[in-house]
Amino acid sequence: MDAATPKLGRVNAAYALSAAIVILFNTLISCVKDAHVPLKAFMASLTGKDWTTQGLADVILFALLGAILSNTGLPEKIGPKRLICFLTAAVVIAGTGLFAWYALY
Amino acid sequence: MNVTNSDVILLAHATFGALGALAALWVFVETLNAQERNAARTRKGALLVAACMVAAWILGGYWYVHFYPADKAIILKGPWPFAHELFMETKEHLFFLTLILSFYLTIASREKLYANSSARKMVLWVSMLVVLSGLAVEGFGAIVNHGAEVALKAAVKGGR
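As the structure is a prediction and not an experimental result, all values here were calculated from the model.

Thresholds, definitions, all that
- By convention here, each chain's residues receive numbers from 1 onward along its written sequence.
- Chains and ligands are labelled by the order in which they are written, letters from A for the one and numbers from 1 for the other.
- In view of the model being predicted, local features appear only for residues whose pLDDT reaches at least 70, and side-chain atom pairs are presented and counted only at 80 or more, with totals across whole chains, interfaces and linings using the full set of residues.
- Only hydrogens and water are removed before side-chain values are computed, so all heavy atoms of the structure are retained for them.
- Strands are runs of DSSP state E lasting at least 2 residues, helices are runs of H or I lasting at least 4, and numbering of each runs from the N terminus.
- Only protein chains enter the accessibility calculation, which uses a 1.4 Å probe; a residue whose area is less than 20% of its type maximum is buried, one above 50% is exposed, and one in between is partly exposed.
- Contacts: residue pairs with any heavy atoms within 4.5 Å of one another.
- Per-residue and other accessible areas were derived by the Shrake-Rupley procedure at a 1.4 Å probe size, with only the shown protein chains allowed to occlude residues.
- When charges are counted, Lys and Arg are positive and Asp and Glu negative, with His and the chain ends excluded.
- One atom stands in for each charge, and that atom is NZ of Lys, CZ of Arg, CG of Asp or CD of Glu.
- Buried area is a sum: the accessible area each of two parts loses on coming together, probed at 1.4 Å, counted once for each and added.
- In protein, a polar contact means a hydrogen-donor-capable atom and an acceptor-capable atom, both N or O and within 3.5 Å, with residues adjacent in sequence counting only if both atoms are side-chain atoms; elsewhere, any N or O pair within 3.5 Å suffices.
- Put simply, Ala, Val, Leu, Ile, Met, Phe, Trp, Tyr, Cys and Pro go in the nonpolar bin, Asp, Glu, Lys and Arg in the charged bin, and everything else, Gly too, in the polar bin.
- When a carboxyl oxygen of Asp or Glu lies within 4 Å of a side-chain nitrogen of Lys or Arg, that pair is called a salt bridge.
- Here the term cavity refers to a set of points on a 1 Å grid, laid over the protein atoms alone, in which a 1.4 Å probe fits but cannot get out; the term pocket refers to an open set having protein on both sides within 12 Å along at least five of seven lines, with lining residues being those that place an atom within 4 Å of a point.
- Grid points are joined across faces, edges and corners, and a volume is the space filled by probe spheres set on the points.
- In this text, buried Ala, Val, Leu, Ile, Met, Phe, Trp, Tyr and Cys residues form a nonpolar core when linked through side-chain atoms within 4.5 Å.
- Two rings belonging to Phe, Tyr or Trp (six-membered ring only in the last case) form a pair when the distance between their centres is within 6.5 Å. Interplanar angles under 30 degrees mark stacking, angles over 60 mark edge-to-face geometry, and anything in between is tilted.
- As a rule, the C-alpha atoms of each element are fitted with a line to give its axis, helices using only the stretch in contact, and angles between N-to-C directions run from 0 to 180 degrees.
- For classification purposes, an angle smaller than 35 degrees is called roughly parallel, one larger than 145 roughly antiparallel, one from 65 to 115 roughly perpendicular, and anything else oblique.
- A crossing counts as left-handed when the near helix is turned anticlockwise from the far one by less than a right angle, and as right-handed when that turn is clockwise.
- The length a helix should cover is 1.5 Å for every residue beyond the first.

**Q** Can you help me understand the overall build of chain B in this one?
**A** Per the secondary structure count, chain B includes 5 helices and 0 strands. Reported as C-alpha extents along the three principal axes, the dimensions of chain B are approximately 65 × 30 × 20 Å. Put simply, chain B has 160 residues, and 51% of those count as buried. Across chain B, contacts joining residues at least 24 apart in sequence account for 77% of those joining residues at least 6 apart. Total accessible area on chain B is roughly 7800 Å²; 66% of this is exposed by carbon and sulfur atoms. One way to put it: in chain B the 14 positive side-chain charges average out to a point 7 Å from where the 10 negative ones average out.

Following this line, the structure appears as structure tokens:
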């Protein structure tokens, strides 16, 4: 790879997409488990604490999704600029979303 | 001097979080000056970020499960209940963003950053996001700590 071909590597692009998806998933599950008590109870029953289950689920999902996406051409088709924008937007939306959820809920 | 296990674990948790954010800043600076000769150093920096965040996660998780319920009860009875309801709740879930980003940083930094401008930009963005989200989590932790402090002060004042 050289400066003339500024594409991200296949694995790099796949895990960038995986990270963005997991970051959004994390915020979504944080909100849903608070609004839906049976889900929170189920998550707590798996490891003793819903927070612990959520963290492990995030890490496992990130690893699995990255591995799966690495075997597809999808992340490379998106392009590096869009991947950077998507990942950054995911972090901003997820972060402000979490804060807003706990401020309003 | 009475230093409990809870104190040691909590302070180690905050320290590893701060070290992780500092290491991410180191990765950012190395990437700004990406050359073949600092490529290995950048990768090591990224590994250090992930290692610090994992240590902060395990220590913080252990403290949160075993020791925080007592602090939480104190905070909720004090004048700053939002220290738990807003800042602790946000912090404990926001941390996972930092953790996932730090894992991804180890992967992104494996590219030849000195030869690939896109990979370089990605590492710059991700490392800065780790720094900013890490600092936000640290700041929220300070607010939670202060929430417990003002609750204890109020309790002492009320007891007089």
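**Q** How should I be thinking about the interface of chain A and chain B in this particular structure?
**A** One frequently used descriptor of interface size is the decrease in accessible area upon assembly of the parts. Contact with chain A, which involves 39 residues of that partner, is made by 33 residues of chain B. Counting each side, the surface lost to burial between chain A and chain B is near 3100 Å², with a carbon and sulfur contribution of 78%. A per-residue breakdown of the area chain A buries against chain B is headed by A:Trp51, A:Ile84 and A:Tyr102, which together make up 24% of the total. On the surface where chain A and chain B come into contact, there are 9 residue pairs in polar contact (both at pLDDT 80 or more). Going through the elements one at a time, helix H1 (10–35), helix H3 (50–70) and helix H5 (80–104) of chain A are the ones with two or more residues in the side of chain A that touches chain B. Classifying every residue of the side of chain A that touches chain B gives 24 nonpolar, 10 polar and 5 charged.

**Q** What's the story with the pattern of salt bridges in this structure? I'm lost.
**A** Applying the stated criterion across every chain, the model contains 4 salt bridges over all chains. In this structure, A:Lys33 engages A:Asp50 in a salt bridge whose closest nitrogen and oxygen atoms are separated by 2.7 Å. Residue A:Lys33 is located in helix H1, and its partner A:Asp50 is located in helix H3; the two are separated by 17 residues in the primary sequence. Here B:Glu149 makes a salt bridge to B:Lys153, at a shortest N to O gap of 3.1 Å. Note that B:Glu149 and B:Lys153 are positioned in helix H5 (residues 117–159) at a spacing of 4 residues, about one turn of the helix.

**Q** Please clarify how empty space enclosed by the protein should be interpreted in this entry.
**A** To locate leftover empty space, one rolls a probe as large as a water molecule over the atoms. All told, the structure shown has 2 cavities of 30 Å³ or more when counted by the stated rule. In this structure, the largest cavity occupies an estimated 50 Å³ of space. Mapped by element, the contributors of at least two residues to the lining of the largest cavity are helix H4 (74–78) and H5 of chain A. Among the residues making up the lining of the largest cavity, the classes are represented as 5 nonpolar, 1 polar and 2 charged. Of the pockets and cavities examined, the second largest cavity occupies roughly 30 Å³. Along its surface, the second largest cavity is lined by B:Ala34, B:Gln35, B:Asn38, B:Ala39, B:Thr42, B:Ser109, B:Leu113 and B:Tyr114. Considered class by class, the residues forming the lining of the second largest cavity number 4 nonpolar, 4 polar and no charged.

**Q** Can you walk me through the nonpolar core in this structure?
**A** Side chains that are nonpolar tend, in soluble globular proteins, to be buried together. A:Ile23, A:Phe62, A:Leu87, B:Tyr104 and B:Met122 are the most contacted members of the largest nonpolar core, which has 64 residues in total. Within the residue set of this core, elements represented by two or more residues are H1, H3 and H5 of chain A together with helix H1 (5–32), helix H2 (39–66), helix H3 (68–77), helix H4 (82–108) and H5 of chain B. When residues in this core are grouped by element, the largest group, 16 residues, is from H4(B). Those residues in contact with A:Leu87 that lie beyond four places of it in its chain are A:Ala16, A:Ala19, A:Ala20, A:Ile23, B:Leu101, B:Tyr104, B:Met122 and B:Val126.

**Q** I keep staring at the packing of aromatic side chains and nothing clicks. Help me out?
**A** Working definition: an aromatic ring pair is given by the centre-to-centre distance plus the angle between the planes. Tallied over the entire structure, the rule returns 14 aromatic pairs over all chains. Summarising the aromatic geometry, the rings of A:Tyr15 and A:Phe62 are spaced 5.4 Å apart at their centres and angled 70° between planes, so their arrangement reads as edge-to-face. With A:Tyr15 in helix H1 and A:Phe62 in helix H3, this pair connects stretches of sequence that are 47 residues apart. What links up through ring pairs into an aromatic cluster is the set A:Trp51, B:Trp57, B:Trp63, B:Tyr64, B:Tyr68, B:Phe95 and B:Phe96.

**Q** How do you make sense of the packing of H5(A) against H4(B) when you look at a structure like this?
**A** Any two packed helices are characterised by the angle at which their axes cross and by the distance between the axes. Running from N to C, H5(A) and H4(B) cross one another at 165°; their axes reach a closest spacing of 8 Å. As far as their axial angle goes, H4(B) and H5(A) are roughly antiparallel. Crossing angle aside, the handedness with which H5(A) passes H4(B) is right-handed. For the pair formed by H5(A) and H4(B), the contact residues are A:Leu87, A:Val91, A:Ala94, A:Gly95, A:Leu98, A:Phe99, A:Tyr102 and A:Ala103 on the first element and B:Glu85, B:Leu86, B:Phe87, B:Glu89, B:Thr90, B:His93, B:Leu94, B:Leu97, B:Leu101 and B:Tyr104 on the second. Of the residues that constitute the contact of H5(A) with H4(B), the class distribution is 13 nonpolar, 3 polar and 2 charged.

**Q** Just checking my understanding: could you explain the layout of surface pockets for this structure?
**A** All names here are of chain B. Quantified by volume, the largest pocket comes out at close to 680 Å³. Around the largest pocket sit 33 residues that line it, and Leu10, His13, Trp63, Lys91 and Gly141 are the ones nearest its centre. Grouping the constituent residues of the lining of the largest pocket by class yields 19 nonpolar, 9 polar and 5 charged.

**Q** So what exactly am I meant to see when it comes to H1(B) here?
**A** Within an α-helix, residues lying three or four positions from one another point in the same direction, as the helix has 3.6 residues per turn. Residue and element names in this part refer to chain B. The first and last C-alpha atoms of H1 sit 40 Å apart over 28 residues, in line with the 40 Å expected at 1.5 Å per residue. Residues of H1 that are buried: Ser6, Ile9, His13, Gly17, Gly20, Ala21, Ala23, Ala24, Val27, Phe28, Glu30 and Thr31. Buried residues along H1 sit against H2, H4 and H5.

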